[in-house]
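Coordinate inspection notes
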Amino acid sequence: MGELTPGQLEARYRDWPPRSWYATRGRRRILVGVGAVSAGLIWVSAIVCYYLAPSLTAMWTTFALTGAALVIYVVVYSALVGVTRGVIGLAERHLDERQSRERQKIQANAHRGTTVTLVVLGVLLSVAMPRGETVVQIPAAAIVMLVCGVIATHVILPSLMAGWQMSDPPPDDEDDPDDGDGRDDEEQDEDGRSGRAPGRSGDGQPIDGKTAT
């Protein structure tokens, strides 16, 4: 996905995504879950190719799953760019210090996630291999889709983690309690209109400690 300038970000995401998609952390994580499904579809394609390829069924199933994955992720990614307000999607030179640190943290977590994925994949492949066989035939389509699944996971993880970790915005500041009902200001205005000078009592007599005559 290409990087955006602040002006492009504001223009493209002024009305997108709908607030109902990200108003709460739970809804943001649902959005992230939908994005994770798009990566999962690529892995499913690899499994389908392993068992059915070469065949027309495997080919058309792979096309359908890959197309659905692309459509889902494009929608989710565009929404996450708007939700995170540029932490993902905005060019690095346009990020402030906080956003830059947040992006670096997300990318580091994503790299660790990719590493874990590769380790789990290696363990699963070693378990799935037939015992006692030194040569295993795997359809080329399955290998291609497996590589695509790893690449898709590596590309998608940062945006998903950004949406998953994003906290709710702080609540609006409450009104200043000193304001009250504005009575102090009204009293000051009334004093100014009545022409009372500072240091005089309500009946206009001086209150400097001397008895008025």
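To be clear, the structure that these remarks concern was listed above.
Notes on the structure in this doc start here.

Reading the values: rules and limits
Residues numbered from 1 in each chain as written. Predicted model: local features only at pLDDT ≥ 70, side-chain atom pairs only at ≥ 80, totals over all residues. Heavy atoms only, no water. Helix = DSSP H or I, 4+ residues; strand = E, 2+ residues; numbered from the N terminus. Buried < 20%, exposed > 50% of the residue type's maximum accessible area, 1.4 Å probe, protein only. Expected span 1.5 Å × (residues − 1). Phe/Tyr/Trp six-rings, centres within 6.5 Å; stacked < 30°, edge-to-face > 60°.

Moving on to the environment of L121. Note on placement: L121 falls in helix α4 (residues 97-128). Classification of L121 as buried rests on a relative accessible area of 16%. Spatially, the C-alpha atoms of L121 and V150 are 9.4 Å apart, while their sequence positions differ by 29 residues.

This part takes up unusual backbone geometry. The omega torsion across A53 and P54 is -5°, close enough to zero to call that bond cis. Within the secondary structure, P54 is located in the loop between α2 (25-52) and α3 (56-83).

Right, let's get into α2. With 28 residues, α2 should cover 40 Å at 1.5 Å per step; its first-to-last C-alpha distance of 40 Å lies within 8% of that length. Taken as a whole, α2 has its buried residues at R28, L31, V32, G35, S38, A39, L41, I42, S45, A46, V48 and C49.

With that settled, the discussion passes to the packing of aromatic side chains. The final tally for this structure, using the stated rule, is three aromatic pairs. A centroid spacing of 5.1 Å and a plane angle of 85° characterise the contact between Y50 and Y51, whose relative ring orientation is edge-to-face. Residue class for Y51 comes out exposed when judged on its relative accessible area of 64%. Ring geometry for Y73 and Y77: centres 5.6 Å apart, planes at 45°, overall tilted. Here Y77 and Y73 lie together in helix α3, a separation of four residues that amounts to about one turn. The class of Y73 is buried, set by a relative accessible area of 10%. What makes Y77 buried here is its relative accessible area of 13%.

The values are spatial; any link to function lies outside them.
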